[in-house]
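Listed below, chain by chain, are the residues.
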Amino acid sequence: MKALLNKLNWRYATKKFDHSKKVSSENLKILLEAARLTASSYGLQPYHFYVIEEANIRTKLKKASFDQPQITDASHLLVLANKPTFDATMIDDYIANIMAVRGLSKDDLLGFSQTMKSTLLDQADTFKGSWTSNQAYIVLGNLMTVAAEMKIDTCPMEGFDKAQYNEILGLTDKGLNTAVVLAVGYRSADDATQNYPKVRYSKEQIITHI
Ligand SMILES: Cc1cc2nc3c(=O)[nH]c(=O)nc-3n(C[C@H](O)[C@H](O)[C@H](O)COP(=O)(O)O)c2cc1C
């Protein structure tokens with residue numbers, strides 16, 4: 001466990017990536033599998049992941065990200081997109097998936113399906129959008145920890161224009177919205193940020209045992 005904490009101390013929001021260092025396809029697959037395995041509320045997985053390598057698209061995304069260099073310099077850019085709204089179809093698709101994977105009938109899952117529908121479907125789109133975005137942020141946290149465990153650097157990013165990202169990536173037509181972005185790669189040796197001590201509240205300030 002100490003080793004994992006050392007890696008969490010080692011990781012930092014990388015400001016300058018070494019553009020020449022690429023994450024291998026094998027390691028990328030592990031990261032994406034970790035994303036896929038992330039827990040979500042009810043297990044609904046109301047999101048989709050984009051892996052962006054294409055240089056022209058990344059140049060456009062950089063412009064839509066206040067010119068932050070991580071967007072083009074990192075090995076890969078992961079865009080975690082959430083569903084800004086949804087209807088019964090999303091729940092029915094999930095139920096069909098459970099039926100197939102676990103060999104259950106529709107009747108077996110009727111109560112679960114009705115619970116999800118009665119809890120979620122009458123909510124306003126503003127609630128639905130922020131709820132699905134919350135789920136995408138759990139993926140973000142999981143990805144950062146797994147990447148650190150593999151000594152892969154990341155920068156979580158929400159400093160970008162969502163409308164422009166949605167436009168560049170054609171997300172709106174697909175019923176998606178950019179929730180948050182993770183630049184993935186390897187730090188540049190001359191990124192001074194890696195030497196900055198971590199700024200965190202003390203355990204006493206941030207943890208209460210009751
Ligand atoms: C959701 C989220 C969004 C962030 N957006 C940006 C960003 O757009 N650009 C950036 O350089 N850092 C961004 N950061 C990095 C934070 O500033 C950084 O994680 C925080 O200062 C703690 O430092 P550390 O991650 O290096 O330990 C973001 C972090 C999170 C969690």
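Residues numbered from 1 in each chain as written. Predicted model: local features only at pLDDT ≥ 70, side-chain atom pairs only at ≥ 80, totals over all residues. Heavy atoms only, no water.

I'm lost on the sheet that holds strand β1 (residues 47–52) in this one. Help?
Sheet strands line up and pair through hydrogen bonds in the backbone, either parallel or antiparallel. Here four strands make up an open sheet; going across it, the order is β1-β2-β4-β3 and the pairing antiparallel. Looking at which strands have only one partner, the edges of the open sheet turn out to be β1 and β3 (153–157). Within this sheet the neighbouring strands show an average axis-to-axis angle of 20°, counted without direction. In terms of strand pairing, strand β2 (residues 76–82) meets strand β4 (residues 177–185) through seven bridges, oriented antiparallel. Across the sheet, the residue bridging to Leu80 is Val180, located in β4. (Pairing = 2+ DSSP bridges. Helix = DSSP H or I, 4+ residues; strand = E, 2+ residues; numbered from the N terminus. Axes fitted to C-alpha atoms, helices over the stretch in contact; angles between N-to-C directions.)

Sorry if this is basic, but what is going on with the nonpolar core here?
It is characteristic of soluble globular proteins that their nonpolar side chains tend to be buried jointly. In terms of nonpolar packing, the biggest core is built from 19 residues, with Tyr165 and Val181 touching the most fellow members. Those elements that place two or more of their residues in this core are β1, β2, β3, α8 (162–169) and β4. Looking at this core element by element, the count peaks at three residues for β2. Filtering out sequence-adjacent residues up to four positions away, Val181 remains in contact with Ile71, Leu77, Leu78, Val79, Leu140, Cys155, Pro156, Met157, Phe160 and Tyr165. Among the nonpolar cores identified, the runner-up in size contains 18 residues, and Val23, Leu80, Leu140 and Leu182 belong to it. (Core = buried A, V, L, I, M, F, W, Y, C linked by side-chain atoms within 4.5 Å. Buried < 20%, exposed > 50% of the residue type's maximum accessible area, 1.4 Å probe, protein only. Contact = heavy atoms within 4.5 Å.)

Help me understand the site of the ligand in this model?
Surveying the vicinity of the ligand reveals 14 residues, the closest of which are Arg11, Lys15, Gln68, Lys198 and Arg200. Between an oxygen atom of the ligand and a side-chain N or O atom of Lys198, the distance comes to 2.6 Å. Calculation on the ligand without its partners gives an accessible area of 620 Å², and the protein chains cover 66% of this total. The element best represented in the shell around the ligand is β3, accounting for three residues. Here the shell around the ligand is composed, by residue class, of six nonpolar, three polar and five charged. (Near = heavy atom within 4 Å. Polar contact = N/O pair within 3.5 Å; in protein donor to acceptor, adjacent residues only side chain to side chain. Areas by Shrake-Rupley, 256 points an atom, 1.4 Å probe, with all protein chains shown as cover. Nonpolar A, V, L, I, M, F, W, Y, C, P; charged D, E, K, R; others polar.)

Explain the packing of helix α3 (residues 55–63) against α8 to me, please; I cannot follow it from the model alone.
Geometry of a packed helix pair, given as the angle between the helix axes and the separation of the axes. Running from N to C, α3 and α8 cross one another at 165°; their axes reach a closest spacing of 9 Å. Taken as axis vectors, α3 and α8 run roughly antiparallel relative to one another. When the axes of α3 and α8 are compared, the crossing they make is right-handed. Contacts between α3 and α8 pair Ile57, Lys60 and Leu61 from the former with Tyr165, Ile168 and Leu169 from the latter. (Parallel < 35°, antiparallel > 145°, perpendicular 65-115°, else oblique. Left-handed = near helix turned anticlockwise from the far one by under 90°.)

Please clarify how the pattern of salt bridges should be interpreted in this entry.
Think of it this way: side chains of opposite charge can pair up when their charged atoms draw near. Applying the stated criterion to the full structure yields six salt bridges. Residues Lys117 and Asp92 are paired through a salt bridge, measuring 2.7 Å at the closest nitrogen-oxygen approach. In this pair, Lys117 is assigned in helix α6 (residues 110–120) and Asp92 in helix α5 (residues 88–102), connecting sequence segments 25 residues apart. The partly exposed category is assigned to Asp92, whose relative accessible area is 37%. Across the salt bridge formed by Arg187 and Asp153, the nearest N and O atoms sit 2.8 Å from each other. With Arg187 in the loop between β4 and α9 (203–206) and Asp153 in strand β3, this residue pair connects regions lying 34 residues apart in the sequence. Like Arg187, the residue Asp153 is buried in the burial classification. (Salt bridge = Lys/Arg side-chain N within 4 Å of Asp/Glu carboxyl O.)

Honestly, the UniProt feature "domain: Nitroreductase" (unreviewed entry) in the protein in this entry has me stumped. Any pointers?
Taking the numbering used here, the UniProt-annotated feature "domain: Nitroreductase" (unreviewed entry) corresponds to residues 9–186. Measuring from the first to the last C-alpha atom of residues 9–186 gives 16 Å, for a span that is 49% helix and 15% strand. (UniProt positions renumbered as here; feature names shortened; annotations may be inferred.)

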